[in-house]
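Secondary and tertiary structure notes
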Amino acid sequence: CDHALAMLRADHPLAQDLLSGLASNLVVRIDDGRADECWGATSGLAIGRVLIVNPEAAESDAHLAEALLHEATHVALDCAELQRPLLAPDARTDGFTMTSPWT
């Protein structure tokens, strides 16, 4: 992750500013069950936390940087939905009638 973050700082400072402004907590995890795959995740329950799984399996630093920015975009959408939810609760079903397109 360090090399991907350094690349963003050097080559795409605006993207680095976006990431650092939205992701206050970067978590790296290893999943031995899928050791050849790298992916990211966020959750509206922990806005600001970005999880990157198996960063060493990323095709390149550029792909890892893209994954970080992709997850930062999910954080931005979670923040936007705090102000104005995309989906309104359905009182008839005591929940939502469909999942958010961001999931």
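Up top is the structure these notes are about.
Since the model is a prediction, treat every value here as computed from it, not as a measurement. (Residues numbered from 1 in each chain as written. Predicted model: local features only at pLDDT ≥ 70, side-chain atom pairs only at ≥ 80, totals over all residues. Heavy atoms only, no water.)

A word on the nonpolar core
Core analysis: the largest hydrophobic core is formed by 16 residues, its most contacted members being Ala4, Leu8, Leu19, Val50, Ile52, Leu64 and Leu68. Among the elements of the structure, α1 (2-11), α2 (13-22), β3 (49-53) and α3 (61-83) are those that each provide at least two residues to this core. Top contributing element to this core by residue count: α3, with 6 residues. With sequence-adjacent residues up to four places away left out, Leu19 is seen in contact with Leu5, Leu8, Leu68, Leu69 and Ala72. (Core = buried A, V, L, I, M, F, W, Y, C linked by side-chain atoms within 4.5 Å. Buried < 20%, exposed > 50% of the residue type's maximum accessible area, 1.4 Å probe, protein only. Helix = DSSP H or I, 4+ residues; strand = E, 2+ residues; numbered from the N terminus. Contact = heavy atoms within 4.5 Å.)

Details of the packing of α2 against α3
At a minimum axis distance of 9 Å, the contact between α2 and α3 shows a crossing angle of 50 degrees. Accordingly, the angle class assigned to the pair α2 and α3 is oblique. In this structure, α2 crosses over α3, and the sense of that crossing is left-handed. From α2, Ala15, Leu18, Leu19 and Leu22 reach across to α3, where they touch Leu68, Leu69, Ala72, Val75 and Ala76. Looking at the contact of α2 with α3 residue by residue, the class counts come to 9 nonpolar, no polar and no charged. (Axes fitted to C-alpha atoms, helices over the stretch in contact; angles between N-to-C directions. Parallel < 35°, antiparallel > 145°, perpendicular 65-115°, else oblique. Left-handed = near helix turned anticlockwise from the far one by under 90°. Nonpolar A, V, L, I, M, F, W, Y, C, P; charged D, E, K, R; others polar.)

Considering the pattern of salt bridges
Overall, the coordinates contain 2 salt bridges when judged by the stated rule. In this structure, the salt-bridge partner of Arg29 is Asp31, at a minimum N-O distance of 3.8 Å. Overall, Arg29 belongs to the partly exposed group, its relative accessible area being 40%. Salt-bridge contacts for Arg34 lead to Glu37; the nearest nitrogen and oxygen are separated by 2.9 Å. By relative accessible area, Arg34 is classed as partly exposed at 37%. (Salt bridge = Lys/Arg side-chain N within 4 Å of Asp/Glu carboxyl O.)

Topic: the packing of α1 against α2
Look at α1 against α2: their axes get within 5 Å of each other, and the N-to-C directions meet at 125 degrees. The angle between the axes of α1 and α2 places the two elements in the oblique class. Between α1 and α2, the residues in contact are Leu5, Leu8, Arg9, Ala10 and Asp11 and Pro13, Ala15, Gln16 and Leu19, respectively. Counted by class, the contact of α1 with α2 contains 6 nonpolar, 1 polar and 2 charged residues.

Comments concerning the pairing of β3
Two faces belong to every sheet, and in a regular strand the side chains alternate between them. Judged by how many residues are buried, β3 sits mostly within the fold: 4 of 5 residues are covered. Across 5 bridges, the pairing between strand β1 (residues 25-29) and β3 is parallel. Across the sheet, residue Val28 finds its bridge partner in β3, namely Ile52. With 3 bridges connecting them, strand β2 (residues 39-41) and β3 associate as antiparallel partners. Note that in β3 the partner of Trp39 across the bridge is Val53. (Pairing = 2+ DSSP bridges.)

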